[in-house]
Amino acid sequence: MADQRTQADEQDTWIPDDEWEAIVANVPLVSVDLVIRHEGGVILGLRENEPARGEWFVPGGTVLKNETLTDAVHRVADEELGVDVTIESRLGTFEHFYDTSEVEGVDSKHYLATAFEVTLDDDTLEMDAQHSRLEVFGPPYENLHPYVERYLQALE
């Protein structure tokens, strides 16, 4: 599970599983989410892991220690999609509460997610293991995860 890291002096370091479990169990996670405008809609990925497994969701990830939010947006775009993005706007910070987690023994997750409206600098997307599919969803947006719906309302 050791897939969480911090950034110290430009060096990534892994957080040991037991420490990550304590963090997820006790602290809200700071994250960025990318609302990617593309072809008149937004790109969503079908999630393969918790939280929100089986849901269409925006790409996103936790912010690393000593990483700015905008740097996190570019890193997440590269890691999850294999592309760089242009930040068009900051949609705000949203609270996400999940009654599930990928951490064994922890039954919930809390995120403070700052959402950014972005556009792709390149149309060649490479999916990561978190998503089984990527698709463009256009208006009217229906039957999406409530947190995704909030982001789409913020775009209006």
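Above this text you will find the structure in question.
Residues numbered from 1 in each chain as written. Predicted model: local features only at pLDDT ≥ 70, side-chain atom pairs only at ≥ 80, totals over all residues. Heavy atoms only, no water.

1. Comments concerning the overall build of the protein
Thinking step 1. A count of helices and strands for the protein gives three helices and nine strands.
Thinking step 2. When the elements of the protein are put in sequence order from the N terminus, they spell out β-β-α-β-β-β-β-α-β-β-β-α.
Thinking step 3. Here the protein has a C-alpha radius of gyration of 15 Å; the compact-globule value for 156 residues is 15 Å, and the two agree.
Thinking step 4. By its C-alpha atoms, the protein is 45 × 35 × 25 Å across when sized along the principal axes. (Helix = DSSP H or I, 4+ residues; strand = E, 2+ residues; numbered from the N terminus. Rg over C-alpha atoms; globule rule 2.2 N^0.38 Å.)

2. Brief notes about unusual backbone geometry
Thinking step 1. Each neighbour pair has its own omega, and for Glu-50 with Pro-51 the value is -5 degrees, a cis peptide bond.
Thinking step 2. The linkage connecting Pro-139 with the following residue, Pro-140, adopts the cis geometry, with an omega of 0 degrees.
Thinking step 3. Summarising the element assignment, Pro-140 is placed in the loop between strand E9 (131–137) and helix H3 (146–155).
Thinking step 4. The backbone of Glu-39 sits at a positive phi, close to 50 degrees, despite the residue not being glycine.
Thinking step 5. Summarising the element assignment, Glu-39 is placed in the loop between strand E3 (29–38) and strand E4 (41–47).
Thinking step 6. Despite not being glycine, Asn-143 has its phi angle at roughly 60 degrees, a positive value.
Thinking step 7. Relative to the helices and strands, Asn-143 is located in the loop between E9 and H3.

3. Observations regarding a negative patch on the surface
Thinking step 1. Residues Glu-39, Asp-78, Asp-84, Asp-121, Asp-122, Asp-123 and Glu-126 make up a contiguous surface patch of negative charge.
Thinking step 2. Within the secondary structure, Asp-122 is located in the loop between strand E8 (109–120) and E9.
Thinking step 3. Asp-122 sits in the partly exposed class, given a relative accessible area of 39%. (Patch = residues over 30% accessible without salt bridge, like charges linked within 9 Å, V, L, I, M, F, W, Y side chains within 5 Å. Areas by Shrake-Rupley, 256 points an atom, 1.4 Å probe, with all protein chains shown as cover. Salt bridge = Lys/Arg side-chain N within 4 Å of Asp/Glu carboxyl O. Lys, Arg positive; Asp, Glu negative; His and termini not counted. Charge placed at Lys NZ, Arg CZ, Asp CG, Glu CD. Buried < 20%, exposed > 50% of the residue type's maximum accessible area, 1.4 Å probe, protein only.)

4. Observations concerning the nonpolar core
Soluble globular proteins tend to bury their nonpolar side chains together.
Thinking step 1. Ranked by internal contacts, the top residues of the largest apolar core, which has 27 residues, are Val-35, Leu-44, Phe-57, Leu-144, Tyr-151 and Leu-152.
Thinking step 2. Listing elements by their share of this core, those giving two or more residues are helix H1 (17–26), E3, E4, strand E5 (56–57), strand E7 (85–98), E8 and H3.
Thinking step 3. Considering every element that reaches this core, the biggest residue donor is H3, with five residues.
Thinking step 4. Not counting chain neighbours up to four residues away, the residues in contact with Leu-144 comprise Leu-44, Trp-56, Phe-137, Glu-149 and Leu-152.
Thinking step 5. In terms of nonpolar packing, the next biggest core, distinct from the first, is built from 15 residues, Leu-34, Ala-72, Val-118 and Leu-120 among them. (Core = buried A, V, L, I, M, F, W, Y, C linked by side-chain atoms within 4.5 Å. Contact = heavy atoms within 4.5 Å.)

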